[in-house]
Amino acid sequence: MQLDDVVPWGRTLGEYRQMFNLSEADLQCRILGCGDGPASFNAEMAALGRSVVSIDPVYQFSTEQIRQRVQAVYNPIIAQVKQNADRYCWKNYVDADDLGRSRLAAMERFLLDYEAGKATGRYQPQALPQLDWGDRSFDLALVSHLLFLYADHRSLEFHLASVRELLRVAAEVRIFPLLKLDGTPSSYVEPVIQDLLSRGATVQVEPVPYEFQRGGNQMLRVYSGPIADFSGVPGC
Ligand SMILES: C[S@@+](CC[C@H](N)C(=O)[O-])C[C@H]1O[C@@H](n2cnc3c(N)ncnc32)[C@H](O)[C@@H]1O
């Protein structure tokens, strides 16, 4: 991965809670954050004494390299948000600059935690569709703003292989959003659901309280087996 290919943009624990309908019981689980990038989710969870491992290919780079990349992409991203402001819900932010300040604060929180978290294995440079963990290493895997969102840049095969791999290493997988970058529904959602059903998984499309892309208020929740047999979350 080249750092110039990465558009680092990070969200907070509060946003993860809303995007994934995370309950207090969920937060006690062994959680894998997949493609967490510069989100402050892991840093905030660690400060609360909770267990999250984040993987992202960007974690091969240093704090200073990621900080410089955040600064390089910031103005172009905010300009794009301003240009397409009607595609977004502004209930939580006054405007694009307000959104930008919130994202920068989250990313700075990540950057301050990054070296310490890397040293203890909380940030690991791995990438879908292949993960270096044994089966069921986690209770819950969360994927925010990676799968489906970049459907125009990643193949259906990548999506199928990634979700199968996530379901191998975690008992439950939640993916948000189900829209592409342009705000339209990803055509990969249905084939991914059909593939999972054919493998005996339980799949639900579920409404969530988070909505920034207009209409982007649903997540995909997947359990590795029939719901009656499910022994992962809750009670992990
Ligand atoms: C838009 S950011 C989302 C960051 C974070 N999840 C959030 O919602 O705030 C997408 C992240 O996916 C990461 N990524 C790209 N390809 C990946 C792959 N194959 N496996 C895991 N992460 C990947 C990028 O490096 C980037 O940090």
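Counting from 1, residues in each chain are numbered in the order their sequence is written. Given that this is a predicted model, residues contribute local features only at a pLDDT of at least 70 and side-chain atom pairs are listed and counted only at 80 or more, while totals for whole chains, interfaces and linings are drawn from all residues. Side-chain numbers here rest on the full set of heavy atoms in the structure, without hydrogens or water.

**Student:** Explain the sheet that holds strand E3 (residues 123-124) to me, and be specific about the residues and the numbers.
**Tutor:** Following DSSP output, two strands are said to pair if at least two bridges run between them. Helical segments are the DSSP runs of H or I of at least four residues, strand segments are the runs of E of at least two, and each set is numbered from the N terminus. In spatial order, the strands read E3-E2-E1-E4-E5-E7-E6; together these seven strands make up an open sheet with mixed pairing. On the outer flanks of this sheet lie E3 and strand E6 (202-207), each paired with one strand and no other. Contacts between helix H7 (residues 189-198) and the sheet are confined to E6 and strand E7 (218-223), with E6 contributing the most and set at about 145 degrees to the helix. Pairs of residues are marked as contacts when any of their non-hydrogen atoms sit within 4.5 Å. Structural elements are reduced to axes, namely lines fitted to C-alpha atoms, with helices fitted over the stretch in contact, and the angle between N-to-C directions of any two is expressed from 0 to 180 degrees.

**Student:** I'd love a proper account of the site of the ligand, names of residues and values included.
**Tutor:** Near the ligand lie 21 residues; those nearest to it are Arg11, Gly35, Asp56, Ser144 and Arg154. Contact between the ligand and Trp9: an oxygen atom at 3.4 Å from a main-chain N or O atom of the residue. By the criterion applied in these results, polar contacts are pairs of N or O atoms within 3.5 Å in which, for protein atoms, one can donate a hydrogen and the other can accept it, and in which residues neighboring in sequence qualify only through two side-chain atoms. At 2.8 Å, a backbone N or O of Gly35 approaches a nitrogen atom of the ligand. Using a 1.4 Å probe, the Shrake-Rupley method yields the accessible areas, and only the shown protein chains count as cover for residues. Burial of the ligand by the surrounding chains reaches 94%, relative to a free accessible area of 590 Å². Throughout this entry, Asp, Glu, Lys and Arg are counted as charged residues, while Ala, Val, Leu, Ile, Met, Phe, Trp, Tyr, Cys and Pro are counted as nonpolar. The remaining residues, Gly among them, count as polar. Its residues assigned to classes, the shell around the ligand comprises 12 nonpolar, five polar and four charged. Being near a molecule or strand, for a residue, means having at least one of its heavy atoms within 4 Å of it.

**Student:** Give me the lowdown on the packing of helix H6 (residues 156-169) against H7, citing residues and values where you can.
**Tutor:** Packing of H6 against H7 brings their axes to within 10 Å, and their N-to-C directions diverge by 40 degrees. Classed by the angle they form, the pair H6 and H7 counts as oblique. Seen along the crossing, H6 lies across H7 with a hand that is right-handed. Across the interface between the two elements, Leu156, His159, Leu160, Val163, Arg164 and Leu167 from H6 touch Pro191, Val192, Asp195 and Leu196 from H7. A class-by-class count of the residues in the contact of H6 with H7 yields seven nonpolar, one polar and two charged. Just so you know how the angles are binned, under 35 degrees is roughly parallel, over 145 roughly antiparallel, 65 to 115 roughly perpendicular, and the rest oblique. Two helices that cross are described as forming a left-handed crossing if the nearer one is turned anticlockwise from the farther one by less than a right angle, and a right-handed crossing if clockwise.

**Student:** Describe the pattern of salt bridges, naming the residues involved and giving the relevant values.
**Tutor:** A pairing counts as a salt bridge when a side-chain nitrogen of Lys or Arg comes within 4 Å of a carboxyl oxygen of Asp or Glu. The tally for this structure, following the rule as stated, stands at 18 salt bridges. Where Asp135 meets Arg168, a salt bridge forms, and the shortest distance between an N and an O atom there is 2.9 Å. With Asp135 in the loop between E3 and strand E4 (138-144) and Arg168 in helix H6, this pair connects stretches of sequence that are 33 residues apart. A relative accessible area of 27% places Arg168 in the partly exposed class. One salt bridge connects Arg174 with Glu172, and the closest N-O pair in it is separated by 2.6 Å. For the exposure calls, accessible area comes from a 1.4 Å probe over protein chains only, and a residue counts as buried if that area is under 20% of its type's maximum, exposed if over 50%, partly exposed in between. Looking at Glu172, the relative accessible area reads 0%, which means it is buried.

**Student:** Run through the pairing of strand E1 (residues 31-34), naming residues and quoting values.
**Tutor:** With burial as the criterion, each face of E1 is covered, one bearing Ile31 and Gly33 and the other bearing Leu32 and Cys34. Across four bridges, E1 lies against strand E2 (residues 52-55) in parallel orientation. Residue Ile31 lies in a different strand from E2, and its bridge partner there is Val52. Viewed with both strands pointing away, a crossover whose connecting path from the first strand over the helix to the second turns clockwise is right-handed. What joins E1 to E2 is helix H3 (residues 41-47), and the crossover it makes is right-handed. Strand direction decides the pairing type here: E1 and E4, joined by four bridges, are parallel. Bridge pairing links Leu32 to Ala141 in E4.

**Student:** Go over the pairing of E4, please, and point to the residues and values.
**Tutor:** Burial runs high along E4: seven of the seven residues are buried. The pairing of E4 with strand E5 (residues 170-176) spans six bridges and is classified as parallel. Note that in E5 the partner of Ser144 across the bridge is Phe176. Considered for its hand, the β-α-β crossover made up of E4, H6 and E5 is right-handed.

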